[in-house]
Amino acid sequence: MGSELGFETLERETRIEALPVEGEIPEWLGGSLLRTGPAKFEVGTRGMSHWFDGLAMLHRFGFAGGRVSYANRFLESRAYRAAAETGEISYSEFATDPCRSLFKRAMSLFRPALSDNGNVNLVQLGERFAAMTETPIPVEFDPETLAAAGVAWEVPGTLTTAHPHLDRANGGMLNYAAALGPRNHYRFFGLGPGTGDEPRVLATLPTREPAYMHSFGLTERWFVLAEYPFVVNPLALALSGRPYIENYRWKPERGTRFTLLARDGGEVLGPFETDACFGFHHVNAYAEPDGTVVADVCTFADAEIVESLYLGNLRNGAAIPAPELTRFTISPGPGTVTSERLIADPIDLPRIDYGRCNERPHRYVWGAGTDGTGFFDRIVRADLADRSSTTWSEADCWPGEPVFVSRPDASGEGDGVLLSLVLDGAAGTTILLVLDARTLDEIGRAQVPHHIPFGFHGQYAAAV
Ligand code: CO
């Protein structure tokens, strides 16, 4: 068995007080690693089409005194409840639509049945936690019981990202939303941490053909919008009757366009154009004293990666395109964008020492890597001080996103651990791996008794 097991359904929900541990789990880890990800890839007799379609499951690894507890539970979204009640896929996912009569399809133009299947990422906002996907319906959940608690907050748009940034000014979040209709706008909005706080639109930019947007960059002054030439005609999105992502078109002649939008709602600089590429994940961004903006992004040559992540390809062990850690340097004065590859190792699902480095220069980037012959099979640490990289890998082991957790009394950037879920293909189970973040030396691991399907993102919550 290889990586294919990571795309098979996990039905079992469980709570385990203490997982078997090898090595040491640091005593200072006292919170929880919360993760979401697709876990159910068929409903009734129908299968989902794409990795991004699977019904979301929440996972919690709780740390206390060197022990690790584990719990998992399906996210009781309306999409999940409808599937459970009707035995059918009832909401439109990324690349899988429900079977609909012509009449229902016509009706859905006016009342689109947006899925709230929060399988991409989760966020803590004040006291609340929400599981998110790219529709504007974040689902609140209890981090202890993992029970869902309805719509978390309002999002001012039709599409959003599951990669909000921290608003350092108030502890709230900053995110992107696209408003689609007769006229289309990219929007950035802020939402304070209080339960009564309302979203405030901070910056907008009109667009005729919105680009697929999975994340964005943030500096102390700017929202950094990267429009890759993977774009949609919103009318086609409404009328085509095809699953969401199938409406996007690769138009490399448009190039990649960077626009800087002031966080205070004033200036808009750009667009500044460079060669066509595609990416899901901004790594980090910051401004140089001269006003130059540096944006690190995990990029692909084109949007082929979206195609490669259909379950049919992944279950056949097909290779995913290799993501490159690319630095874009945006000079608003002359209006130029230059790009360079920072390390040779492919890397995506990137994390940084966020609390220390977001909006500021960073030295380390951690992520999942691949040798180009299959799925993600290693953890990569890039050290941008000398553009070197180090990897962790084991035979037939398939790691996911490494989440960085800073030591409480950290001596500097990168002083802490990485937490990554690793599918052990030979054993058919998943381990929680704990690595020293700077060296990638293994510190310890905790054994889950079953496999956990590959997910995308999670967060460490210190107080849960
Ligand atoms: Co993502």
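Note that the structure is predicted; figures quoted are calculated from it, not measured.

Colleague: Account for the coordination of the cobalt ion, naming residues and giving values.
Modeller: Taken together, His 163 (NE2), His 214 (NE2), His 281 (NE2) and His 457 (NE2) make up the full set of protein donors to the cobalt ion, lying 2.0 to 2.1 Å away. One way to put it: the four donor atoms around the cobalt ion meet at angles of 91 to 160°, and that makes the site irregular. Sequence spacing of the donors to the cobalt ion: H-x50-H-x66-H-x175-H. Of this pair, His 214 sits in the loop between β16 (200-207) and β17 (217-218) while His 281 sits in strand β23 (residues 278-287), and the two are 67 residues apart along the sequence.

Colleague: Lay out the sheet that holds strand β30 (residues 388-392) in plain terms, naming residues and giving numbers.
Modeller: With antiparallel pairing, the four strands of this open sheet are ordered in space as β27-β28-β29-β30. Across the chains shown, the open sheet's two edge strands, defined by having one partner strand only, are β27 (348-351) and β30. Neighbour-to-neighbour, the strand axes of this sheet turn through a mean angle of 25°, independent of strand direction. Pairing analysis gives six bridges linking strand β28 (residues 364-369) to strand β29 (residues 378-383), with the strands arranged antiparallel. What sits directly across from Gly 369, in β29, is Arg 378.

Colleague: With reference to specific residues and values, describe the sheet that holds strand β36 (residues 458-461).
Modeller: One open sheet holds the five strands; their spatial order is β1-β7-β6-β3-β36, and the pairing between them is antiparallel. The open sheet has two edge strands, β1 (15-16) and β36, and neither has a second partner. As paired strands, β1 and strand β7 (residues 67-74) are joined by two bridges and run antiparallel to one another. Bridge assignment links Ile 16 to a residue of β7, and that residue is Tyr 70.

Colleague: Could you give me a rundown of the nonpolar core, with the residues and numbers involved?
Modeller: In a soluble, globular protein the nonpolar side chains are often hidden away together inside. Of all hydrophobic cores here, the largest spans 75 residues; its most connected members are Trp 51, Tyr 212, Phe 223, Ile 245, Phe 278 and Phe 375. With five residues, strand β18 (residues 222-227) is the largest single contributor of residues to this core. Aside from chain neighbours lying at most four places away, what touches Phe 278 is Tyr 212, Tyr 228, Phe 230, Trp 250, Cys 298, Thr 299, Phe 300, Asp 302, Ala 303, Ile 305 and Val 306. Judged by nonpolar contacts, the second largest core, of 19 residues, contains Leu 19, Ile 25, Val 403 and Ala 446.

Colleague: Tell me about the environment of Met 173, residues and numbers included.
Modeller: Secondary-structure assignment places Met 173 in strand β14 (residues 172-179). In sequence terms Met 173 and Gln 124 are 49 residues apart; their C-alpha atoms lie 9.0 Å from each other. Setting aside residues up to four positions removed in sequence, Met 173 forms contacts with Val 123, Leu 125, Trp 153, Pro 164, His 165, Asp 167, Phe 189, Gly 190 and Leu 191.

Colleague: Tell me about the pattern of salt bridges, residues and numbers included.
Modeller: Tallied over the entire structure, the rule returns 23 salt bridges. The salt bridge involving Arg 378 is made with Asp 377; its shortest N-O contact spans 2.8 Å. You'll find Arg 378 and Asp 377 in the same group, each marked buried. Here the residues in one salt-bridge network are Asp 167, Arg 168, Arg 263 and Glu 359, joined through shared partners.

So, how was this worked out
- Residues numbered from 1 in each chain as written.
- Predicted model: local features only at pLDDT ≥ 70, side-chain atom pairs only at ≥ 80, totals over all residues.
- Heavy atoms only, no water.
- Donors = N, O, S within 2.8 Å, 3.2 Å for Na, K, Ca; no water.
- Tetrahedral: all angles 85-135°; square planar, octahedral: opposite > 155°, others 65-115°.
- Helix = DSSP H or I, 4+ residues; strand = E, 2+ residues; numbered from the N terminus.
- Pairing = 2+ DSSP bridges.
- Axes fitted to C-alpha atoms, helices over the stretch in contact; angles between N-to-C directions.
- Core = buried A, V, L, I, M, F, W, Y, C linked by side-chain atoms within 4.5 Å.
- Buried < 20%, exposed > 50% of the residue type's maximum accessible area, 1.4 Å probe, protein only.
- Contact = heavy atoms within 4.5 Å.
- Salt bridge = Lys/Arg side-chain N within 4 Å of Asp/Glu carboxyl O.

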